[in-house]
Amino acid sequence: MAKKLVIKVTAGADAPERCSQAFTVAAVAVASGVEVSLWLTGESAWFALPGRAAEFELPHAAPLPDLIDSVLAAGRLTLCTQCAARRDITEKDVIDGVRIAGAQVFVQEAMADETQALVY
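Residues numbered from 1 in each chain as written. Predicted model: local features only at pLDDT ≥ 70, side-chain atom pairs only at ≥ 80, totals over all residues. Heavy atoms only, no water.

**Points about the packing of helix α1 (residues 16–31) against helix α2 (residues 64–74)**
In a packed pair of helices, the relevant descriptors are the angle between the two axes and the axis-to-axis distance. Just so we agree on the cut-off: All axes are obtained by fitting lines to C-alpha atoms, using only the stretch in contact for helices, and the reported angles, taken between N-to-C directions, cover 0 to 180 degrees. What counts as a helix is a DSSP run of H or I of at least four residues, what counts as a strand is a run of E of at least two, and both are numbered from the N terminus. The labels follow the angle: roughly parallel below 35 degrees, roughly antiparallel above 145, roughly perpendicular from 65 to 115, and oblique for the rest. The handedness criterion is simple: a crossing whose near helix is rotated anticlockwise from the far helix by less than a right angle is left-handed, and one whose near helix is rotated clockwise is right-handed. What makes two residues a contact is simply this: any of their non-hydrogen atoms within 4.5 Å. By the convention adopted, Pro, Cys, Tyr, Trp, Phe, Met, Ile, Leu, Val and Ala count as nonpolar, Lys, Arg, Asp and Glu as charged, and the other residues, Gly among them, as polar.
Relative orientation of the contacting elements α1 and α2 amounts to 40°, with a least axis distance of 9 Å. Here α1 lies oblique to α2, going by the angle between them. As for how α1 packs across α2, the hand of that crossing is left-handed. Residue-level contacts link F23, T24, A26, A27 and V30 of α1 to L64, L67, I68, S70, V71 and A74 of α2. Of the residues belonging to the contact of α1 with α2, the class tally is 9 nonpolar, 2 polar and no charged.

In structure tokens, the structure reads:
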């Protein structure tokens, strides 16, 4: 069984169910004691900014800010370098605890021993 879970979420408000699923799986994994690294790419990049997650709504889904807080409490949250650059997001703009890193770091994490990678 994988001891670490690397999750890349590519969807945001443009695909709310897929987006919510990624954050929910990440938060449940953290709560289950799994080491989690959640990557924000594409439209989910906006959720690295303060207040943006609070704007996200999906009926019968956990509030996105709560899920993000869960991941940040015991996991890692990373914003894709290129996705940040395309949106003019810098390290000074993101919520506390979010790092900005690129594809090399993602591949390194995803290829580590005893790691499962998921993409939403």
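**Notes on helix α4 (residues 103–110)**
As a reminder, the rule being used: Buried means the residue's accessible area, taken with a 1.4 Å probe over protein chains only, is under 20% of the maximum for its type, while exposed means over 50%, and partly exposed covers the values in between. Think of the arc as the fan of directions from the helix axis to the C-beta atoms.
F106, E109 and A110 are the residues of α4 that are buried. Within α4, the buried residues cover an arc of 95° as seen down the axis, which keeps them to one side. Along α4, exposed side chains directed more than 90 degrees from the buried face belong to Q104 and Q108. Considering only its buried residues, α4 is in contact with β1 (4–9), β2 (35–40), β3 (76–80), β4 (98–101) and β5 (115–119).

**Some remarks on the packing of aromatic side chains**
To be explicit about the condition: Stacked, tilted and edge-to-face are the three classes applied to pairs of Phe, Tyr and Trp rings, where Trp contributes its six-membered ring and a pair requires centres within 6.5 Å; stacked means planes under 30 degrees apart, edge-to-face means over 60, and tilted covers the rest. A positively charged side chain is recorded as over a ring if its NZ (Lys) or CZ (Arg) lies within 6 Å of the ring centre. The angle to the ring normal must also be within 35 degrees.
Across all of its chains, the model carries 3 aromatic pairs by this definition. The interplanar angle of 85° and the centroid separation of 5.4 Å between the aromatic rings of W39 and F106 together place this pair among those described as edge-to-face. In this pair, W39 sits in strand β2 while F106 sits in helix α4, placing the two residues 67 residues apart along the sequence. The exposure class assigned to W39 is buried, which follows from its relative accessible area of 1%. Among the residues examined, F106 registers a relative accessible area of 14% and is labelled buried. Each member of the aromatic cluster is reached from another via a ring pair, and the members are F23, F47 and F56. Above the plane of the ring of F106 lies K8, whose end atom (NZ or CZ) is 4.2 Å from the centre.

Purely spatial values, then, with no claim about function.
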